[in-house]
Amino acid sequence: MRVLERKPYSYILLDRDGEWILTFLLGGPIERDVSVRLTLVEVTAIEDGDSSAEDLVETFRADPSVYEDRQVTPTVWLAKEDDRET
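The following refers to the structure shown.

**Points about the sheet that holds strand S2 (residues 11–16)**
Consideration 1: What the five strands build is an open sheet, ordered S1-S2-S3-S4-S5; its pairing is antiparallel. For this open sheet the edge positions go to strand S1 (2–7) and strand S5 (71–72), each flanked by a neighbour on one side alone.
Consideration 2: Both strand S4 (residues 32–37) and S5 contribute to a ladder of two bridges, which runs antiparallel. When the bridges of S5 are listed, Val36 appears paired with Gln71.

Given below as structure tokens:
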């Protein structure tokens, strides 16, 4: 697993064997974390600079229905031994 991008206490974007997963914190009365499998369109937009992980986090926070069918359970976090950035 590779770290593609991260913002401490907000989100982490990981590449897990070619699958991009965005894990972010979702606030409210109870804070929880959510992992979402990104679509090819979202990955391409990030690679092309037309979007960012932060943009997607804001979209997902505003409307959970956008990602519900792509949510990864349990959430995906980076293991200590995998803590490599590219």
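Resuming the write-up.
**Section: unusual backbone geometry**
Consideration 1: Cis geometry marks the peptide bond from Thr73 to Pro74; its omega dihedral reads -5°.
Consideration 2: One non-glycine residue, Tyr9, adopts positive backbone phi at about 65°.
Consideration 3: Inspection of the secondary structure assignment puts Tyr9 in the loop between S1 and S2.
Consideration 4: The class for Tyr9 is exposed, based on a relative accessible area of 80%.
Consideration 5: Here Asp17, not a glycine, exhibits a phi torsion of approximately 55°, which is positive.
Consideration 6: By the secondary structure assignment, Asp17 is in the loop between S2 and strand S3 (19–26).
Consideration 7: Owing to a relative accessible area of 79%, Asp17 belongs among the exposed residues under this scheme.

**Some thoughts on the pairing of S4**
Consideration 1: Pairing analysis gives six bridges linking S3 to S4, with the strands arranged antiparallel. In the sheet register, Thr23 faces S4, and the bridge partner there is Ser35.
Consideration 2: Between S3 and the antiparallel strand that follows it, S4, lie five residues; Gly28 among them carries a positive phi value of about 140°.

About the thresholds
Residues numbered from 1 in each chain as written. Predicted model: local features only at pLDDT ≥ 70, side-chain atom pairs only at ≥ 80, totals over all residues. Heavy atoms only, no water. Pairing = 2+ DSSP bridges. Helix = DSSP H or I, 4+ residues; strand = E, 2+ residues; numbered from the N terminus. Buried < 20%, exposed > 50% of the residue type's maximum accessible area, 1.4 Å probe, protein only.

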